Amino acid sequence: MSKETLHLMLKLNPEELDTQVALQCAPLLTGVKISNLLTVERSKRTAVLELFKETAVSCCILYESSEKTTFLLYIRQALLGYLARPEVTALMERFGYRGWDLEEILSLVSIKYEEHMEDRAGFPHEIGLLLGFPAKDVTGFIENNGKNFLYMGYWKVYSDLPECRRTFQAYNHAREHIIHMVSRGMKIDGILRIHNLKQYKSMTI
């Protein structure tokens, strides 16, 4: 991140929802990523759902505590396309999701993530696939217990480092781009419109 962007970021109000969405979900907002996690204060739950109500971004509540709500925000058609890739489908089936539709997958993932957050189960690695991580890297993470990775960026890389570096660079560029837009007073609603994500009715799970 450039010094200029860092300076702009530090001037943003971290309590504002637009700031939180911008900092956590910039790659998704620009359309270069199929999904992102977003964690906000529970009091902002309704505002998040309203923000993405008439957009291409769908909302799935993964977990809710007394203080925080964690969403999986995703572009439905893009996520469906990714999950249809043979290597991703094979790994999802290995995790027990054979022939399931997206809503069924997300419903079970939210249950498993809640169990993990409450220390009743291990981490559901299928979340990595729902976030668009390469199947080989998800497998590598599992087989190596999170160790022996080639590089760590938005995820731990176990294969095709050059391609992952290009992806991380694109995500970083998106983050800087969104920070500059928000620092100039642009709202998330306007950013979604500019990047053609405000054109479809989303789904909430």
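Residues numbered from 1 in each chain as written. Predicted model: local features only at pLDDT ≥ 70, side-chain atom pairs only at ≥ 80, totals over all residues. Heavy atoms only, no water.

Visitor: What exactly am I supposed to notice about the overall build of the protein here?
Guide: The secondary structure content of the protein amounts to 10 helices and 5 strands. Taken against the 2.2 N^0.38 rule, which gives 17 Å for 205 residues, the C-alpha radius of gyration of the protein at 17 Å falls within 12% of a compact globule. On the principal axes, the C-alpha backbone points of the protein span a range of 45 × 35 × 35 Å. Looking at the protein as a whole, 45% of its 205 residues are labelled buried. Put simply, the protein shows about 10,800 Å² of open surface, and 52% of that area lies on carbon and sulfur atoms. If the 25 positive side-chain charges of the protein are averaged to one point and the 25 negative ones to another, these points end up 4 Å apart. (Helix = DSSP H or I, 4+ residues; strand = E, 2+ residues; numbered from the N terminus. Rg over C-alpha atoms; globule rule 2.2 N^0.38 Å. Buried < 20%, exposed > 50% of the residue type's maximum accessible area, 1.4 Å probe, protein only. Areas by Shrake-Rupley, 256 points an atom, 1.4 Å probe, with all protein chains shown as cover. Lys, Arg positive; Asp, Glu negative; His and termini not counted. Charge placed at Lys NZ, Arg CZ, Asp CG, Glu CD.)

Visitor: Would you explain the packing of helix 1 (residues 3–11) against helix 9 (residues 161–183) in this entry?
Guide: To characterise two packed helices, one gives the angle between the axes of the helices and the distance between these axes. Between helix 1 and helix 9, the shortest axis-to-axis distance is 9 Å and the interhelical angle comes to 50°. Taken together, the axis directions place helix 1 and helix 9 in an arrangement best described as oblique. As helix 1 packs across helix 9, the resulting crossing turns out to be left-handed. Taking contact as the criterion, the partners of Glu4, Thr5, Leu8 and Met9 in helix 1 are, on helix 9, Arg175, Glu176, Ile179, His180 and Ser183. In terms of residue class, the contact of helix 1 with helix 9 is made up of 3 nonpolar, 3 polar and 3 charged. (Axes fitted to C-alpha atoms, helices over the stretch in contact; angles between N-to-C directions. Parallel < 35°, antiparallel > 145°, perpendicular 65-115°, else oblique. Left-handed = near helix turned anticlockwise from the far one by under 90°. Contact = heavy atoms within 4.5 Å. Nonpolar A, V, L, I, M, F, W, Y, C, P; charged D, E, K, R; others polar.)

Visitor: Would you mind showing me how to read the pattern of salt bridges here?
Guide: Think of it this way: side chains of opposite charge can pair up when their charged atoms draw near. By the definition in use, this model includes 10 salt bridges. Here Arg120 makes a salt bridge to Glu118, at a shortest N to O gap of 2.8 Å. A network of salt bridges, in which partner residues are shared, links Arg42, Arg45 and Glu64. (Salt bridge = Lys/Arg side-chain N within 4 Å of Asp/Glu carboxyl O.)

Visitor: When you look at the sheet that holds strand 3 (residues 68–75) in this model, what are you seeing that I'm missing?
Guide: By definition, the strands of a sheet pair up through backbone hydrogen bonds, in either a parallel or an antiparallel sense. Across the sheet, 3 strands lie side by side as 1-3-2; this open sheet has antiparallel pairing. Every interior strand has two partners, whereas the edge strands, strand 1 (35–41) and strand 2 (57–64), have only one. Recorded for the sheet is a direction-independent mean angle of 25° between the axes of neighbouring strands. Relative to strand 3, strand 1 runs antiparallel, the two being bridged by 7 bridges. Within strand 3, the position partnered with Val40 by the bridge is Thr69. (Pairing = 2+ DSSP bridges.)

Visitor: For this particular structure, what's the right way to read a nonpolar patch on the surface?
Guide: Together, Met1, Leu6 and Leu10 line one region of the surface with nonpolar side chains, adding up to about 310 Å² of accessible area. Tracing the chain through its elements places Leu10 in helix 1. (Patch = residues over 30% accessible without salt bridge, like charges linked within 9 Å, V, L, I, M, F, W, Y side chains within 5 Å.)

Visitor: Explanation requested: the packing of aromatic side chains in the structure shown.
Guide: Remark: the centre distance and the inter-plane angle together describe each pair of aromatic rings, the angle taken between the planes. In the structure shown here, the tally under the stated rule is 8 aromatic pairs. Between Tyr97 and Trp100 the ring centres are 5.2 Å apart and the planes differ by 75°, which places this aromatic pair in the edge-to-face class. On the accessibility criterion, Tyr97 (4% relative accessible area) is buried. You can call Trp100 partly exposed: its relative accessible area is 35%. (Phe/Tyr/Trp six-rings, centres within 6.5 Å; stacked < 30°, edge-to-face > 60°.)

Visitor: In this structure, what is going on with the confidence of the model for the protein? I would like to understand it.
Guide: Reading predicted coordinates in detail is not appropriate for stretches of low pLDDT. Mean pLDDT over the protein: 93, with 96% of residues reaching 70 or higher. For the stretch residues 200–205, pLDDT sits under 50, and the model shows 23 contacts to residues farther than four places along the chain or on other chains. (pLDDT = per-residue confidence, 0-100.)

Visitor: I tried to follow the packing of helix 2 (residues 17–29) against helix 9 on my own but got confused; where do I start?
Guide: Two elements in contact, helix 2 and helix 9, have axes separated by 8 Å at closest approach and are oriented at 115°. As for how helix 2 packs across helix 9, the hand of that crossing is right-handed. Across the interface between the two elements, Ala22, Leu23, Ala26, Pro27 and Leu29 from helix 2 touch Tyr171, Ala174, Arg175, Ile178, Ile179 and Val182 from helix 9. Tallied by class, the residues present in the contact of helix 2 with helix 9 amount to 10 nonpolar, no polar and 1 charged.

Visitor: Got a minute to help me understand the environment of Glu114 in this structure?
Guide: Following the sequence through the fold, Glu114 ends up in helix 6 (residues 102–117). Each C-alpha atom of the pair Glu114 and Tyr63 lies 5.5 Å from the other, and the pair is 51 residues apart in sequence. Excluding residues within four positions of it along the chain, Glu114 makes contact with Leu62, Tyr63 and Arg120.

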